[in-house]
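# Structural features, examined
One-letter residues, chain by chain:
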Amino acid sequence: MAKEMEVSVPDIGDYESVPVIDVLVKVGDQVEKEAPLVTLESDKATMDVPAPMAGTVKSIRLKVGDKVKQGSAVLVLETSEGDAAKPQPAEPAAKAQPAEAPKAASKAEASKPDATKAVADKPAAATGTKKSAPAAGAKQDVTVPDIGDYHDVPVIDVLVKEGDVVAKDDTLVTLESDKATLDVPAPAAGTVRSLKLKVGDKVSKGAAVCTLEVAAADAAGSGTESAAPATPAKPAEKQDAENLPAAPGNLGAAPLPPPASRLPSADVADASAAIPHASPSIRKFARELGVDLSQIKGSAPNGRIAREDVQDYVKKSLASPPAGSAASSAGAGIPKIPTIDFAQFGSVETKPLARIRKLSAAHVHRSWLNIPHVTQNDEADITELEAFRKSQSEDSGVKLTLLPFIMKAVAKAIEAYPEFSSSLSPDGESLIQKHYMHIGFAADTPNGLVVPVVRDVDKKGIVALAQETSELAKKARDGKLKGDDMKGGCFSISSLGGIGGSHFTPIVNAPEVGILGVSRSTIKPVWDGHAFQPRLMVPLSLSYDHRVIDGAYAARFIVLLVKLLSDLRKLSL
Ligand code: CAO
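Our subject in this report is the structure included herewith. Model, not experiment: these values are computed from the prediction. Note on numbering: residues in each chain are counted from 1, in written sequence order. Residues qualify for local features only when their pLDDT is at least 70, as the model is predicted, and side-chain atom pairs are given and counted only at 80 or more; totals for whole chains, interfaces and linings, by contrast, use all residues. Note: side-chain values were computed over all heavy atoms of the structure, leaving out hydrogens and water.

## Topic: the site of the ligand
The nearness test applies per residue and asks whether one of its heavy atoms lies within 4 Å of the molecule or strand. Residues in close proximity to the ligand total 22 residues, the closest being Lys399, Thr401, Asp444, Ser519 and Ser521. Polar contact is the term for a pair of N or O atoms within 3.5 Å; when the atoms are in protein, one must be able to donate a hydrogen and the other to accept it, and sequence-neighboring residues count only if both atoms are side-chain atoms. The contact in question runs from a nitrogen atom of the ligand to an N or O atom on the backbone of Ser519, over 2.9 Å. Within the backbone of Ser521, one N or O atom sits 2.9 Å away from a nitrogen atom of the ligand. Relative to its free-state accessible area of 960 Å², the ligand is covered by the protein chains to the extent of 69%. Strands here mean DSSP runs of E at least two residues long; helices mean DSSP runs of H or I at least four residues long; both are numbered from the N terminus. Those elements that place two or more of their residues in the shell around the ligand are helix H9 (402–416), strand S21 (443–445), helix H10 (462–477) and strand S24 (491–495). Gly falls in the polar group here, along with every residue not listed as nonpolar (Ala, Val, Leu, Ile, Met, Phe, Trp, Tyr, Cys, Pro) or charged (Asp, Glu, Lys, Arg). The residue inventory of the shell around the ligand, partitioned by class, reads ten nonpolar, seven polar and five charged. The Shrake-Rupley method, run with a 1.4 Å probe sphere, supplies the accessible areas, and residue values consider only the shown protein chains as cover.

Quick look at the structure:
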C-alpha cells in the first residue's frame with residue numbers, strides 16, 4: 001500500500017545554511033533509491049541528497065537558492081515500501097556508507113578567516129592536525145580528518161609528491177564518494193616527506209595521508225588549527241603524468257584538475273576559470289563515461305555543469321569524426337593547452353569571436369587533426385602570363401588578377417590528375433570521384449575567412465572567371481555570401497599573392513583532398529642553360545591529404561601546374 005514520507009536533509013556535519021543549487025526532480029517523477037534529489041553546495045563542499053527509497057515525488061518543499069541545514073524538508077515521496085510509514089531523514093547511503101556531508105574543513109573553508117573560525121570552534125572539524133604547534137623541522141603526521149560517517153572513501157587525486165613544498169591549506173589529496181567531494185588540506189606549511197596513500201585507496205577518518213616536515217614560519221606562526229590565519233588558497237600543482245609542464249614563457253602552472261570542493265570563490269579566483277563546477281553525481285556520471293569535465297562549459301547557473309551538458313558533450317564527441325574512417329580516432333588524447341591568466345603579465349581585453357571566425361576555426365582545426373597533410377612547394381615562371389594579363393586587362397574591361405589564370409590551370413591539372421577532385425567516403429573505405437569542376441578560393445573578410453566556390457571552372461573562360469571571382473570576393477567582404485555560394489567545391493585555392501610572403505602551408509579544406517597556396521611573385525634570376533635570366537616566379541604550395549594522394553602523384557600534379565602557368569599556349573588548349 002502506498003504511503004507518503006517526508007524526505008529531509010540528512011546529517012551534513014558542521015554545515016549550516018547550505019544553498020540548494022539544483023533540484024534534480026519534479027513532481028510526478030519516479031525515483032530509485034539513492035537517486036540524487038537535490039544538490040547542496042557551499043564554498044566548502046558539494047553534496048547530493050539522495051532518495052532514501054524508491055518512490056514517486058508528490059511535492060517539493062524547497063527551491064534553488066534556499067538555504068538548508070540538517071532536517072530541512074526536501075520533498076514528499078510516495079512509496080509502497082512498508083517501512084516508509086514513519087517520516088525519516090534521508091540517509092545519504094545505505095548504512096555501510098552513511099552520512100552525506102564531510103565534516104572536514106576543505107581548503108576553501110580554511111582559506112576564509114570566518115570559516116576557519118567557525119570550523120575551528122567545532123572539535124569535530126579537524127584538518128588532520130594535532131592541537132599543539134609543531135616545531136620547525138618537526139615531523140607531523142597528516143591524517144584524514146573527521147569526515148562524518150563516511151568510511152572507505154576513494155582517493156581520486158593525490159596532488160603532491162614526496163619532496164613537494166606546500167603552503168598551509170594546499171590540497172594534498174581529494175576524496176570523492178558518489179555523494180560528496182572534499183579535499184584534505186595541508187595543516188601547516190612544510191615539505192611532504194612520506195606519502196602514505198595513492199589514487200584508488202579507500203580511506204576513513206584517521207587514515208595516514210603523509211608526513212609533513214613543518215616549515216619554520218608555519219611552526220612559529222601557527223598553533224592549533226584554529227589559530228592559523230587564512231592563506232589565500234592557491235591550487236596545488238598536480239604532479240601526475242597528465243599535467244603538462246608550463247609552456248615556456250607561461251609562468252603559471254597547468255590548471256589544476258577539479259575537485260568539487262575547490263569551487264570558484266573569491267579565495268580561488270585565479271583558478272576558478274580552470275575548475276569545473278559540478279555536483280558529485282555529475283562527476284561520477286562524467287567519470288563513468290570517461291568525460292573530462294574541464295572540457296565542458298556548464299550551462300546551469302554560475303557555470304555549473306549539468307547532466308545535459310555532459311550528455312551533449314558526449315553526443316558531439318561521438319558525432320565528430322566518421323566512425324570507421326581512418327580519422328575516427330583523431331582527437332583522442334590531444335593534450336589540452338593550459339589555461340593561463342594572462343592578466344598576471346599585463347593588461348588584457350577579451351573580445352568575443354565573430355561567428356565566421358568561430359566556424360572557420362572549428363573547420364580548420366577539424367581538417368588539421370583529421371588529415372595527414374603534406375605540402376609540396378614549387379615555383380612557376382609567369383613572366384609571359386603576366387605580360388599577357390596586363391595587356392588583356394586593359395582590353396577586357398575587367399580587372400584580371402592572377403587568380404583566374406591559376407584557377408583555370410588548376411582545373412586543367414585536375415583533369416589530368418582527377419584524384420585531386422575526390423573525397424574519401426565517410427567510412428574511409430572508398431573514394432568518391434567528382435565529375436564536375438567546382439573550385440573554391442579563400443577570401444579574406446573583416447570577419448574571417450570564407451571560401452566561395454566557382455562552379456564549372458573547366459567550362460568558363462578567364463574573363464568570366466575574373467568577373468565571377470571578383471563578384472564573389474566582393475560579396476564575401478560585404479558579408480552577403482549565401483550558404484550555397486560556399487558549397488560543392490572539389491579543390492581550393494588560397495592566394496596571398498596580393499599581400500606578400502613566399503611559401504606557406506595551406507590547410508586542406510576537408511572533405512576536399514587538395515589545396516593550392518599561391519604567394520607573391522617576384523623577379524628571380526633563372527638559369528636558361530647559358531645565362532641567368534630575370535623571370536617572374538610565383539611560389540606555389542600544394543597541400544594534400546596523404547591518405548588519398550601519393551607524393552609522386554602530387555609532384556606530377558604540381559609539375560604540370562607549373563608547366564601550364566609557364567606556357568600560356570598549354571593553358572588555352
Ligand atoms: N603575386 C603578385 N601580385 C599578386 C599576386 C601574386 N601571386 N596575386 C595578386 N597579386 C596582385 C594583383 O594583381 C593585384 O595587383 P594590382 O592591384 O596592382 O593589379 C593585387 O595583388 C591585389 O590582388 P587581390 O588579392 O585583390 O586579387 P586576387 O584576385 O589576387 O585575390 C582574393 C582575390 C579574394 C583571393 C584576395 O582578395 C584575398 O582575399 N586573398 C586572401 C586569401 C586568404 O586569406 N588566404 C589565406 C587562407 S588560409 O588562412
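## Points about a nonpolar patch on the surface
The patch calculation keeps residues exceeding 30% relative accessible area without a salt bridge and links them within 9 Å when they carry like charges or within 5 Å when they are nonpolar (Val, Leu, Ile, Met, Phe, Trp, Tyr). Salt bridge, as applied in this entry: a Lys or Arg side-chain nitrogen positioned within 4 Å of an Asp or Glu carboxyl oxygen. Among the surface-exposed residues, Ile334, Trp368 and Leu369 lie close enough to one another that they form a single nonpolar patch of about 290 Å² accessible area. For Trp368, the location among the structural elements is in helix H7 (residues 355–370).

## Some remarks on the packing of H9 against H10
A fitted line through C-alpha atoms serves as each axis, taken over the contacting stretch for helices, and the angle formed by two N-to-C directions is quoted from 0 to 180°. The geometry of H9 relative to H10 is characterised by a closest axis approach of 8 Å and an angle of 120° between their N-to-C directions. Here H9 lies oblique to H10, going by the angle between them. By crossing handedness, the relation of H9 to H10 is classed as right-handed. Every residue of H10 that contacts H9 at Leu403, Pro404, Phe405, Met407 and Lys408 is listed here: Ile462, Leu465, Ala466 and Thr469. When grouped by side-chain class, the residues that make up the contact of H9 with H10 number seven nonpolar, one polar and one charged. Working rule for angles: under 35 degrees goes down as roughly parallel, over 145 as roughly antiparallel, 65 to 115 as roughly perpendicular, anything else as oblique. Put simply, a crossing is left-handed when the front helix is turned counterclockwise from the back one by less than a right angle, and right-handed when it is turned clockwise. Residue contacts are counted whenever heavy atoms from the two residues lie within 4.5 Å of one another.

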